[in-house]
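Here is what each chain is made of, one letter per residue.
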Amino acid sequence: MNLKPLAVYLIAIFTLSIFLYLFLKNYSSTNYSKAKKEELLSAPSKFKLNTGDPCMHSVYGDPAGVQENYIKINLHCSKSNSSTNTLALEGISPDTYSGALYLLANVNVFEAGVIPERIDKLGNLISDNNQWRCFIGQNREIKNFNEKLKQKDTINCFYEFSFEDVKKYYENN
Amino acid sequence: MKITRFFPIVFLITIVLVSFYLRSINLSKIPYPGESMDEYSFAWVGLSLIRTGIPIGISGITGYKNTDFRYINVDQVFRGSAKGNPFAINSPWFDHPPLLGLVAGGFAYLMGGRVFEDTQVNFIRKPMFFFGVISVCLLFYYTKKVFGIKEAIIASAIYATSPLAIISSRMVQAENLLIPLFLASLTATYLYLQKQQGALLYAAGILAGISLLVKLSGLAIVLSCTFLILYFYPGGIKKAVPSVLIFAVVSLAFLIFFISYGAAFDFGQFLSIFTSNSNRIYSIGPLAFFDLMTATKITASRYLTDGFVLAGWFSSFLLFVLPSEKKKHEMYILIPLVCYLVIFLLFGSEPYGWYRFPFIPFLFAAIARILMLSLRNPDLFLPAFLILLIPAGVSLSKIISIEKFQELAGIWRWGLAGLLFIYLFSYAKPKSKMVKILIPVTLICLFVLSIYLNLEYFRKITPQYWQNAT
């Protein structure tokens, strides 16, 4: 049995594997950065078309295996147009109300503008005069969007709903 | 020059065109984007390797030091398939070797993808589409070499038109790259055993080795070629040993690339993930083999009933026990089938549908062989007829409702009963002219009908139909 070709083959494989190791080490040290990784994970797709309607999409389904570490965000763009979303807390960073809204905007493909005191806009629905108002339960309006989220929070954000409309919503749901 | 010499080429071209066309229909819609997030994960591993030099993908298995939970809404998956869970992102990702990732992610990169959300199924399924067509061609070529042109035509016709094969082959799963490597390596092994050329042995070994860089279940290919060499080598097992050793060294040497790859990033984590992978829960359970034969699963939870799979298992069992003029040649499909079964049962893990994909070409080749043997052996008329009845009946039941079927029920029941009586009669008088002509004609007609019903069944599979697929 002629073992010379096998020996040549094994030397080639071994040499290539060393080259692979060195190449990967060098390539990753040259190309990797936390910023690039973050870009990969969180930048929106250039192939995605933003929608002006923040209620067009929803994140359906209950996250499995998270027990009570989730929140719900319902957007009510009008009385007949709403979006229902459930998000696991572990995926929300920062874990604040504004963090949750920005994440939702990214996932549901609309633009969001949130400052600590209020929402500026969600999609094409501008809120320069507090048109967007968000509540945890009927009586607790969110006044500081940098507050930390709590487990099982259900956040309802209403656009151009009067106090009576909001009250009626909570009475019926 | 006889015109019949061109017939195999003409048929191969036809089957390539048919495969191409069928596999392109609803390529990015069925299965639904997000039904298996593995598809995106493989692409992310490749894209992240290209962009950052570090593999990043979805895992969640124990052994990773850090897990980052992210909502990455590629293809709008959170509107449907992905439910509300963020993805457990790990890096460096070591669940599987990176070759498939580099193919899928690399293709996405060539299409302009630069971030994870860019890796739409529209891009990443395209390489799998080509692998699927190549697999049909390789099955044709391998079956032609082993048995002959007629078996090749039958096997590749089934493989090209089976709805299960069409839809399963487009998913970005490692098994869909393992299949063409499997068939190519087996072909090289067959040619080596016929011609005794060393280069062919090395080719078989290299192809088997490459499969280990796709998924470690590629070990089935190494095992299959090893056993084929031991079984078929002229002069017996003792004389086969040097070839087996060379093949084993050539193929298994590729594992050093995976080890180098792991060592380049984090060898401790690489070993930890390897250990975790080896200790996965054996969820397939003791029913695994029964499920394999009777439940044609395609994703984690969705089934697409295809009668050709059960027909293939029955054909394989028959081939094991049947004497035939080329009995030993049946081992060219039975050995790979059993070797992959060994790996399937050994590795276990979750009962995902894609783990079963590599069985499909060999099951269809087994049907082809049984059909051809039955045309020459009256003892096989009835078994072959019953085997073909399975896919014909399954496809028919998917095409028309039971209410509409009532219009055909009379023809069906009396026709079947009549044919079965004729088949029984063939045992009493096998040399009768009627038996010699009628039965082969009915078998061929039933086969052609099964292929036609495959096409009709596939035509029904729209995205709306897929929602309730069983």
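Residues numbered from 1 in each chain as written. Chains lettered and ligands numbered in written order. Predicted model: local features only at pLDDT ≥ 70, side-chain atom pairs only at ≥ 80, totals over all residues.

1. Concerning the overall build of chain A
Within chain A, the secondary structure is distributed over 4 helices and 8 strands. For chain A, the succession of helices and strands along the chain, N to C, is α-α-β-β-α-β-β-β-β-β-β-α. Over its C-alpha trace chain A gives a radius of gyration of 25 Å, far above what one expects of a compact globule, namely 16 Å for 173 residues. Across its three principal axes, chain A shows a C-alpha extent of roughly 90 × 35 × 30 Å. Expressed as a percentage of its 173 residues, the buried residues of chain A come to 28%. (Helix = DSSP H or I, 4+ residues; strand = E, 2+ residues; numbered from the N terminus. Rg over C-alpha atoms; globule rule 2.2 N^0.38 Å. Buried ≥ 20, exposed ≤ 12 C-beta atoms within 10 Å, placed from the backbone.)

2. Digging into the overall build of chain B
On a plain count of helices and strands, chain B comes out with 21 helices and 3 strands. A compact globule built from 470 residues should have a C-alpha radius of gyration of about 23 Å, and chain B, at 23 Å, falls within 12% of that. Looking at chain B as a whole, 52% of its 470 residues qualify as buried. Excluding contacts between residues fewer than 6 apart, the proportion of contacts in chain B whose partners are at least 24 apart in sequence is 78%. (Contact = placed C-beta atoms within 7 Å.)

3. Examining the interface of chain A and chain B
Taken together, the contacts link 44 residues of chain A with 37 residues of chain B. Considering every element that reaches the side of chain A that touches chain B, the biggest residue donor is helix 1 (residues 4-31) of chain A, with 14 residues. Along the lines of polarity and charge, the residues of the side of chain A that touches chain B split into 26 nonpolar, 10 polar and 8 charged. (Nonpolar A, V, L, I, M, F, W, Y, C, P; charged D, E, K, R; others polar.)

4. Observations concerning the sheet that holds strand 3 (residues 87-90) of chain B
Read across the open sheet, the 3 strands follow the order 1-3-2 (chain B); overall the sheet is antiparallel. Edge positions in the open sheet fall to strand 1 (57-58) and strand 2 (68-70) of chain B, since each of these has one partner strand only. (Pairing = 2+ DSSP bridges.)

5. Brief notes about the packing of helix 2 (residues 34-42) of chain A against helix 2 (residues 38-52) of chain B
In contact at an axis separation of 11 Å, helix 2 of chain A and helix 2 of chain B are set at 150° when each is read in the N-to-C sense. Considering their axes alone, helix 2 of chain A and helix 2 of chain B lie roughly antiparallel with respect to each other. Helix 2 of chain A and helix 2 of chain B meet at a crossing whose hand is right-handed. Side by side, helix 2 of chain A and helix 2 of chain B meet where Lys36, Lys37 and Leu40 of chain A of the first sit next to Ser48, Arg51 and Thr52 of chain B of the second. When grouped by side-chain class, the residues that make up the contact of helix 2 of chain A with helix 2 of chain B number 1 nonpolar, 2 polar and 3 charged. (Axes fitted to C-alpha atoms, helices over the stretch in contact; angles between N-to-C directions. Parallel < 35°, antiparallel > 145°, perpendicular 65-115°, else oblique. Left-handed = near helix turned anticlockwise from the far one by under 90°.)

6. Considering the pairing of strand 6 (residues 132-136) of chain A
Residues and elements named next belong to chain A. Bridge count between strand 6 and strand 8 (residues 154-159): 5 bridges; the pairing is antiparallel. What sits directly across from arginine 133, in strand 8, is phenylalanine 158. Pairing between strand 6 and strand 7 (residues 140-141): 2 bridges, direction antiparallel. Bridge pairing links phenylalanine 135 to glutamate 141 in strand 7. The hairpin formed by strand 6 and strand 7 contains 3 residues between the paired strands, and glycine 137 there has a positive phi angle of roughly 75°.

7. Overview of the sheet that holds strand 7 of chain A
Residues and elements named next belong to chain A. Here 5 strands make up an open sheet; going across it, the order is 2-1-8-6-7 and the pairing mixed. The strands lining the two open edges of the sheet, one partner per strand, are strand 2 (81-88) and strand 7. Pairing between strand 1 (residues 70-78) and strand 2: 8 bridges, direction antiparallel. In the strand pairing of strand 2, tyrosine 70 is matched with alanine 88.

8. With respect to the domain arrangement of chain B
Accessible area lost on assembly of the parts is the figure often given for the size of an interface. Residue and element names in this part refer to chain B. Assigned domains of chain B: these are domain 1 (38-124) and domain 2 (128-466). For domain 1 and domain 2, the distance between their C-alpha centres works out to 30 Å. Contributing elements (two or more residues each) for the side of domain 1 that touches domain 2: helix 2 and helix 3 (99-110). Of the residues contributing to the side of domain 1 that touches domain 2, the split by class is 14 nonpolar, 3 polar and 4 charged. (Domains from an automatic or database assignment.)

9. Quick word on the confidence of the model for chain B
Considering every residue of chain B, the mean pLDDT works out to 91; 97% of them sit at 70 or more. For this predicted complex, the interface score ipTM comes out at 0.89, while the overall pTM is 0.89. (pLDDT = per-residue confidence, 0-100.)

10. Remarks on the packing of helix 15 (residues 307-321) of chain B against helix 17 (residues 360-374) of chain B
Residue and element names in this part refer to chain B. At a closest axis distance of 7 Å, the pairing of helix 15 and helix 17 adopts a crossing angle of 60°. The angle between the axes of helix 15 and helix 17 places the two elements in the oblique class. In terms of crossing hand, the pair formed by helix 15 and helix 17 is left-handed. Across the interface between the two elements, Phe308, Val309, Ala311, Gly312, Trp313, Ser315, Ser316, Leu318 and Leu319 of helix 15 pack against Leu363, Phe364, Ala366, Ile367, Arg369 and Ile370 of helix 17.

11. Points about the confidence of the model for chain A
In the predicted model, chain A carries a mean pLDDT of 90, and 99% of its residues have values of at least 70. Here helix 4 (residues 163-172) of chain A is the element of chain A with the lowest mean pLDDT, 88, and helix 1 of chain A is the one with the highest, 96.

12. Some remarks on the environment of threonine 305 of chain B
All names here are of chain B. Structurally, threonine 305 can be placed in the loop between helix 14 (288-294) and helix 15. Under the C-beta neighbour-count criterion, threonine 305 is labelled buried, with 20 such atoms within 10 Å. Residues threonine 305 and phenylalanine 87, 218 residues apart in the sequence, show an inter-C-alpha distance of 30 Å.

13. Topic: unusual backbone geometry
A cis amide bond links serine 93 of chain A to the next residue, proline 94 of chain A, at an omega of -5°. Along the chain, the position of proline 94 of chain A falls in the loop between strand 2 and helix 3 (97-107). Proline 31 of chain B follows isoleucine 30 of chain B through a cis peptide bond whose omega is -10°. Topologically, proline 31 of chain B is positioned in the loop between helix 1 (7-24) and helix 2. The phi torsion at lysine 152 of chain A lies on the positive side, around 65°, for a residue other than glycine. With respect to the helices and strands, the residue lysine 152 of chain A is situated in the loop between strand 7 and strand 8. With a phi angle near 55°, asparagine 26 of chain B is a residue other than glycine that sits in the positive phi range.

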